[in-house]
Structure formats: C-alpha cells, structure tokens
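Listed here are the chains, written in short residue letters.
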Amino acid sequence: MSTEPGAVAAEPMVPPPTSYEAAVERLESIIARLDSNQAGLKETLALCQEGKVLIEFAAGELEAVDRGLEELQLAELIERLEPSR
Amino acid sequence: MDASEPSSTATGAPVAVAGYPGPFPVGRYALKLRDRLREFQRVAVIGEVCGLRIGRGPNVYFELRDQQGALSCAMWRDDFDRQGLAEDAFADGLEVVAAGGLDFYPGGPQASPRLQFRVRELRLAGEGDLLARLARLRRELSADGLFEPQKLLPRPVLPRRIGVVTSRDGAARRDLLAGLERRGWRGTVVWGDAPVQDRRAAAAIRRSVRDLAAFADVDVIVVCRGGGSIADLWAFCDEALCREIAVLAVPVISAVGHETDRTLIDDVAAVSCSTPTHAAEAAVPLDCTRAREAVAAHARRLNTLGRAALASRARTLAASSRAPREHLDRHRRRLHQLTREMRAASARGLAGRGEFQRRIAALVLDRKLEATRVAAAAGRRSLGANARRLARASEGIGRRRSLALGAQAAALRAHDPDRTLERGFAVALDDAGEPLAGVAALREAGSFDLQLSDGRVPAQVDDSQERERGAP
C-alpha cells in the first residue's frame with residue numbers, strides 16, 4: 001500500500017525492466033521490502049506480481065546466453081551484408 | 001637566400017614583378033635552395049617505413065610516416081649496405097630511426113626536382129625509441145581528451161554478442177573462450193581475425209574494430225593478444241587505431257600483452273586487462289552460473305514470502321473472524337434454548353387452557369343440562385295442562401262437530417236420491433248408468449233403465465198414443 005512506511009510499490013503501473021541488472025536490483029529491493037514484514041497485503045500481492053515479471057525477465061536474459069556458444073566470422077557477416085565489398 | 005642577380009635578356013633589363021625581386025633563372029634558384037637546405041641542422045627522425053624501393057640504382061627510397069606527417073627519404077646504397085640491415089628484415093611498417101638532413105635535387109631540363117631527407121644512418125627503432133614515442137603519443141591523446149569517452153560508455157553486465165579482434169591461431173583466442181566458459185556464458189562470439197604483430201597489424205586491427213561496431217551488432221569488443229616486447233605490441237600503439245577506438249560507440253576491452261606492457265590502446269579502451277582471461281570477465285561482468293542460481297533463489301524466496309504473507313493474513317483473518325462467530329454461536333444457542341423453552345411453555349399453556357376450557361364447557365353443559373331438565377319438567381307440566389286443555393277443547397269440538405255433522409247428515413239425507421226413491425220416485429238411467437233428464441233424452445235413448453229404491457227395471461219409450469193424438 002502506498003501509504004505504508006517504506007513502501008516500494010506505490011506505482012500502479014510498473015514499467016517493464018530494461019536490463020538484467022535493473023531487474024535484479026529491483027527484485028532485491030522487493031524481497032527486502034517483503035522481508036521487512038511491513039508491506040500490507042495489497043502491496044505484498046503487487047510486489048509478488050512485479051517480482052514474478054522481473055524474475056521472468058532476468059531468467060530470459062540468462063537463457064539468451066545459455067543456448068550454446070555460437071561462433072561467427074566477421075568477414076562472413078560482412079560478405080552477407082555487402083556481397084560486393 | 002642571397003640575392004641572385006636577376007636574369008637579363010638579350011633585349012635588355014628583365015621585367016620585374018612589383019613587390020618581388022627577380023625574376024631569377026629557376027635553375028640557379030634551385031641550386032641556391034639546395035645549398036640553403038643543406039645548411040639545415042642534421043637530425044634523427046623516427047617513423048614508420050612506407051613505400052620502400054630497393055632497386056638497382058644508387059639510391060634506396062622510402063618514406064617515413066607518422067600521424068602528423070611524412071618525409072620522402074633517400075639513402076645512398078652504400079650507406080644502406082653499411083647499416084648491416086638484411087633486405088628481408090627491412091620492410092614497410094617497421095619503425096626506424098633515420099639520421100641525416102634535408103637535401104634538394106634541383107632536377108634539370110629532363111629531370112624533376114625532389115625534396116628529400118638524405119639518410120646517412122638508419123636503424124630499427126629500439127625499445128627506448130618506442131617508449132619515448134609512446135609517451136609522446138600518450139600525452140597527445142590525453143591532451144585531446146581521448147582517454148575518457150570509452151570509459152563513459154555503459155557496458156551491459158550480460159552481453160549477448162561479443163566481438164573479438166585477435167590472431168586467428170593465437171593462444172589468446174583459447175584463453176578468452178575458456179574465460180567465457182568459466183563465466184557460464186554461452187552467447188555469440190564474432191571473430192574479427194587480424195594480424196597482431198606485423199606491419200599490417202595496426203590497419204587490420206583498426207578495420208576489424210570498425211567493422212565489428214558497424215556490422216556485427218556486438219555489445220562489446222575485445223581486442224587481445226599475448227605478451228611481447230613493446231616492438232611486438234607496437235601495432236596497439238598505433239595512433240590512428242587508438243584515435244578511432246577512443247570515439248567508438250561500442251565499448252572496447254583491451255587485453256594486450258601483460259601489465260608491464262601498457263600500450264596506447266589500453267589507455268583509450270573502456271577497460272584494459274592484463275590477460276584474455278581477465279578480458280572475458282570484463283566482457284561478461286556477471287557470473288552467469290551464479291546469476292542463474294541467484295535468480296532461482298530469488299524466485300523461491302519471492303514465492304515463499306508471498307505464500308507466507310497470505311497464510312499469515314489468513315490466520316489473522318481466521319482469528320479475527322472467530323470472535324464474532326463464537327459470539328453469534330452463543331446467541332444462536334441461547335435463541336435455540338429460548339425457542340425450545342418457549343415451545344415447551346406454549347405446549348404446557350395450550351394443555352392448561354384446554355383443560356380449563358373443558359372444565360368450563362362441562363360446567364356450562366351441566367348448567368345447560370340442568371336448565372334443560374328444569375325447562376323440560378316445566379314443559380312437561382305445561383304440556384300436560386295443554387293436553388288436558390286440548391282434550392277438553394277437542395272433546396267440545398267433537399261434540400260440536402258431531403252435532404253439526406248430525407245436522408248436516410240430516411240435511412244431506414234429505415237430499416239423498418235414495419231417500420227420494422224410497423219415497424217412490426224413479427230415475428231413468430242410460431246404458432252407461434248416467435241419469436237421463438228430460439223427455440227428449442228419453443226419446444233419444446229410446447230404451448233405458450228405471451232405477452227404483454229396490455232395484456232397476458228396463459223401460460222403453462212408447463209414443464203410439466201421442467202419434468194417435470196428433471194424427472188428423
């Protein structure tokens with residue numbers, strides 16, 4: 001609830017995370033807030049919902065660099081982009 | 001320059017140009033220029049060899065270049081040979097120190113003039129020379145503010161695509177991959193292969209860096225090679241390369257040589273590392289393996305906290321709801337008890353009232369019965385009197401009626417035909433027993449019966465006497 005002391009989820013519309021580090025930072029602040037036992041039920045539910053979105057985002061970012069190492073050659077990329085070069 | 005005598009023509013004095021001495025014969029001016037240039041102090045210069053030509057002629061030609069300028073150089077073949085430089089060891093791209101001075105070939109009617117630096121002594125640049133030049137470049141680039149831009153670029157902790165500029169077969173390549181693997185990073189690597197040591201290295205590295213930034217959509221670029229002398233690493237001190245990297249929009253991580261060999265690229269790069277392994281850690285600041293565990297732990301923690309919050313509040317709500325519920329239960333039980341008592345009392349009340357009503361009814365009935373008995377007795381007594389009065393009245397009526405009846409009977413008998421017949425009269429009856437009244441009826445019947453008091457006799461109309469009285 002926005003009027004609760006130390007509330008961190010006052011915004012009704014939480015913007016989507018833009019980077020892994022921003023998502024994790026926000027996630028850690030949410031868990032700290034929940035750990036404090038000061039969040040009301042409404043805030044708790046909102047934080048859990050937001051946390052779920054953040055976890056999905058962070059997990060997706062990690063998943064993107066866990067699909068197996070792929071090695072590309074710059075010369076081949078350029079050849080594909082600019083065949084006449 | 002000494003004032004040369006203006007040339008004269010056969011036709012007279014030369015035509016001067018206002019404000020300028022002369023005109024002088026150009027050849028004489030060229031010679032004077034050569035003499036004057038040769039008076040310049042002899043110096044040693046350092047630069048990169050370019051356009052080397054070692055032919056059959058008496059001169060060896062090449063240029064010395066750096067980022068700020070170039071000199072055309074010429075060296076007598078004898079002087080060149082005296083340096084003890086192997087021809088195959090002397091090539092374009094080498095950093096050399098050349099000592100000599102300016103010279104001018106004045107040319108002639110069939111030859112073009114040429115300004116040259118006449119090299120008398122030549123040697124490959126030593127470490128001291130390179131370090132001195134490096135220090136100068138470092139000062140210049142720093143003064144131009146080129147050490148900062150890269151360091152201001154944001155670097156993602158989790159790049160998806162990493163560009164790498166290194167030698168195709170170098171150990172740095174393997175070290176970098178091993179470092180990435182240890183990070184648990186398995187994204188995309190774009191290799192921008194380039195020589196890292198020879199005279200073509202700087203230009204090739206520069207081209208790869210530029211192309212990785214422009215075409216490969218990489219999040220970060222790593223430039224790396226193993227250790228070596230400053231001469232070996234000189235390509236990474238190339239001024240043009242460093243100036244280009246300094247203003248690149250993609251962060252560059254350098255890992256060239258070791259910590260003791262700090263090249264110019266280390267100064268302009270966003271991050272400089274001592275080894276390719278460290279470069280891998282700089283390129284992927286996040287330990288992906290640990291991060292995956294941490295995110296999973298965060299997810300579990302969040303789930304636990306969410307469930308705990310709900311459970312806690314559910315218990316509180318349950319406890320809060322218990323008091324009113326119990327209060328209601330108490331009232332409900334009390335109401336049920338009262339209801340039962342009320343029903344019992346009602347039943348008892350009904351029974352009592354029934355008995356009372358029965359007693360009342362019995363009493364009323366008894367009284368009614370007694371009254372009825374009294375009334376009946378009175379009735380009986382009244383009935384007896386009435387009966388007696390009735391009998392007396394009836395008796396009087398009978399007598400009166402008997403007397404009247406006798407009178408009526410007497411009157412009636414006086415009108416009885418039988419009494420008439422008894423007095424001698426007769427009555428004529430037709431076949432049906434109906435009386436025939438009158439002569440006409442008798443004549444019409446013709447025959448009839450005469451009823452007398454003691455019986456009936458047939459009779460017949462006989463008009464013979466009448467017809468005789470009536471005949472004329």
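This text follows the structure it describes.
What comes next concerns the included structure.

The rules we used
Residues numbered from 1 in each chain as written. Chains lettered and ligands numbered in written order. Predicted model: local features only at pLDDT ≥ 70, side-chain atom pairs only at ≥ 80, totals over all residues. Heavy atoms only, no water. Helix = DSSP H or I, 4+ residues; strand = E, 2+ residues; numbered from the N terminus. Buried < 20%, exposed > 50% of the residue type's maximum accessible area, 1.4 Å probe, protein only. Areas by Shrake-Rupley, 256 points an atom, 1.4 Å probe, with all protein chains shown as cover. Phe/Tyr/Trp six-rings, centres within 6.5 Å; stacked < 30°, edge-to-face > 60°. Lys NZ or Arg CZ within 6 Å of the ring centre and 35° of its normal. 1 Å grid on protein atoms, 1.4 Å probe; cavity = no way out; pocket = protein on both sides within 12 Å on 5 of 7 lines; lining within 4 Å. Points joined across faces, edges and corners; volume = space filled by probe spheres on them. Nonpolar A, V, L, I, M, F, W, Y, C, P; charged D, E, K, R; others polar. Pairing = 2+ DSSP bridges. Axes fitted to C-alpha atoms, helices over the stretch in contact; angles between N-to-C directions. Contact = heavy atoms within 4.5 Å. Buried area = accessible area lost by both parts, 1.4 Å probe. Polar contact = N/O pair within 3.5 Å; in protein donor to acceptor, adjacent residues only side chain to side chain. Right-handed = clockwise from strand over helix to strand, strands pointing away. Parallel < 35°, antiparallel > 145°, perpendicular 65-115°, else oblique. Left-handed = near helix turned anticlockwise from the far one by under 90°.

1. Brief notes about the overall build of chain B
Part 1 of the reasoning: Each helix and strand counted, chain B has 13 helices and 13 strands in total.
Part 2 of the reasoning: Going through the 472 residues of chain B one by one, you find that 30% of them count as buried.
Part 3 of the reasoning: Accessible area of chain B: about 29000 Å², with a carbon and sulfur share of 54%.

2. Overview of the packing of aromatic side chains
All names here are of chain B.
Part 1 of the reasoning: All told, the structure shown has two aromatic pairs over all chains when counted by the stated rule.
Part 2 of the reasoning: With a centroid separation of 5.7 Å and an interplanar angle of 75°, the aromatic rings of Phe-62 and Phe-90 are classed as edge-to-face. Here Phe-62 is found in strand S2 (residues 59-65), whereas its partner Phe-90 is found in the loop between helix H2 (77-82) and strand S4 (95-105), with 28 residues between them in sequence. Here Phe-62 matches Phe-90 in class, with each residue buried.
Part 3 of the reasoning: Aromatic rings pair up to connect Phe-62, Phe-80 and Phe-90 into one cluster.
Part 4 of the reasoning: Cation over ring: Arg-114 sits above Tyr-61, and NZ or CZ is 5.1 Å from the ring centre.
Part 5 of the reasoning: Directly above the aromatic system of Trp-76 lies the positively charged group of Arg-118, at a separation of 4.1 Å from the ring centroid.

3. Quick word on the layout of surface pockets
Part 1 of the reasoning: In this structure, the second largest pocket spans a volume of roughly 270 Å³.
Part 2 of the reasoning: Around the second largest pocket sit 13 residues that line it, and A:Leu74, A:Ala75, B:Asp193, B:Ser208 and B:Asp211 are the ones nearest its centre.
Part 3 of the reasoning: Breaking the lining of the second largest pocket down by element, the ones donating at least two residues are helix H3 (74-81) of chain A together with strand S7 (186-193) and helix H6 (201-215) of chain B.
Part 4 of the reasoning: By residue number, the principal contributor to the lining of the second largest pocket is H6(B), which donates four residues.
Part 5 of the reasoning: Residues of the lining of the second largest pocket, tallied by class, amount to five nonpolar, three polar and five charged.

4. Side note on the sheet that holds S2(B)
Residue and element names in this part refer to chain B.
Part 1 of the reasoning: The five strands lie next to each other as S1-S2-S3-S5-S4, forming a closed barrel whose pairing is mixed. Adjacent strand axes in the sheet meet at a mean angle of 55°, parallel and antiparallel pairs treated alike.
Part 2 of the reasoning: Against the sheet, helix H1 (residues 26-38) engages S4 and strand S5 (114-124), with an angle of about 145° to S4.
Part 3 of the reasoning: Across the sheet, helix H3 (residues 127-143) touches strand S1 (43-54), S2, S4 and S5, and the angle it forms with S4 is around 80°.

5. Comments concerning the interface of chain B and chain A
Part 1 of the reasoning: Contacts between the two partners involve 39 residues from chain B and, on the opposite side, 38 residues from chain A.
Part 2 of the reasoning: Of the roughly 3200 Å² buried where chain B meets chain A, counting both sides, 65% is carbon and sulfur surface.
Part 3 of the reasoning: For the pair chain B and chain A, the interface holds 14 residue pairs in polar contact (both at pLDDT 80 or more).
Part 4 of the reasoning: Among the secondary structure elements, those contributing two or more residues to the side of chain B that touches chain A are helix H5 (171-182), S7, H6 and helix H10 (288-415) of chain B.
Part 5 of the reasoning: The residue makeup of the side of chain B that touches chain A, split by class, is 21 nonpolar, seven polar and 11 charged.
Part 6 of the reasoning: Here strand S1 (residues 66-73) of chain A pairs with S7(B) via five bridges, running parallel. Among the inter-strand pairings, A:Glu70 is bridged to a residue of S7(B), identified as B:Thr188.

6. Describing the pairing of strand S9 (residues 252-256) of chain B
Residues and elements named next belong to chain B.
Part 1 of the reasoning: For S9, the buried fraction is high: five of the five residues fall into the buried class.
Part 2 of the reasoning: Side chains Val-252, Ser-254 and Val-256 project from S9 onto one buried face, and the interleaved Ile-253 and Ala-255 project onto a second face that is buried too.
Part 3 of the reasoning: Relative to S9, strand S8 (residues 220-225) runs parallel, the two being bridged by five bridges. Looking across to S9, one finds that Arg-225 is bridged to Val-256.
Part 4 of the reasoning: The parallel pair S8 and S9 is bridged by helix H7 (residues 239-246), and the resulting crossover is right-handed.
Part 5 of the reasoning: Judged from the two bridges that link them, S9 and strand S10 (residues 271-272) form a sheet pairing that is parallel. Along S10, the bridge assignment pairs Ile-253 with Val-271.

7. A few points about the packing of H6(B) against H7(B)
Helix-helix packing is characterised by the crossing angle of the two axes and by the distance between the axes.
Residue and element names in this part refer to chain B.
Part 1 of the reasoning: As a packed pair, H6 and H7 sit with axes 9 Å apart at the nearest point and diverge in direction by 15°. Between H6 and H7, the crossing angle belongs to the class labelled roughly parallel. You can see that H6 and H7 cross each other, and the crossing is left-handed. Across from Ala-202, Ile-205, Arg-206, Val-209 and Arg-210 in H6, the residues of H7 making contact are Ala-240, Leu-241, Glu-244 and Ile-245.
Part 2 of the reasoning: Residues that form the contact of H6 with H7 fall into these classes: six nonpolar, no polar and three charged.

8. Comments concerning unusual backbone geometry
Part 1 of the reasoning: Across the junction of B:Gly22 and B:Pro23, the peptide omega takes the value 10°, indicating a cis bond.
Part 2 of the reasoning: Relative to the assigned elements, B:Pro23 resides in the segment before H1.
Part 3 of the reasoning: Residues other than glycine seldom take positive phi values, yet A:Asn37 does so here, at roughly 60°.
Part 4 of the reasoning: With respect to the helices and strands, A:Asn37 occurs in the loop between helix H1 (20-35) and helix H2 (41-64).
Part 5 of the reasoning: Owing to a relative accessible area of 67%, A:Asn37 belongs among the exposed residues under this scheme.
Part 6 of the reasoning: Here the phi dihedral of B:Asp217 falls at roughly 55°; this positive angle occurs in a residue that is not glycine.
Part 7 of the reasoning: Checked against the element boundaries, B:Asp217 lands in the loop between H6 and S8.

These figures capture arrangement, not role.
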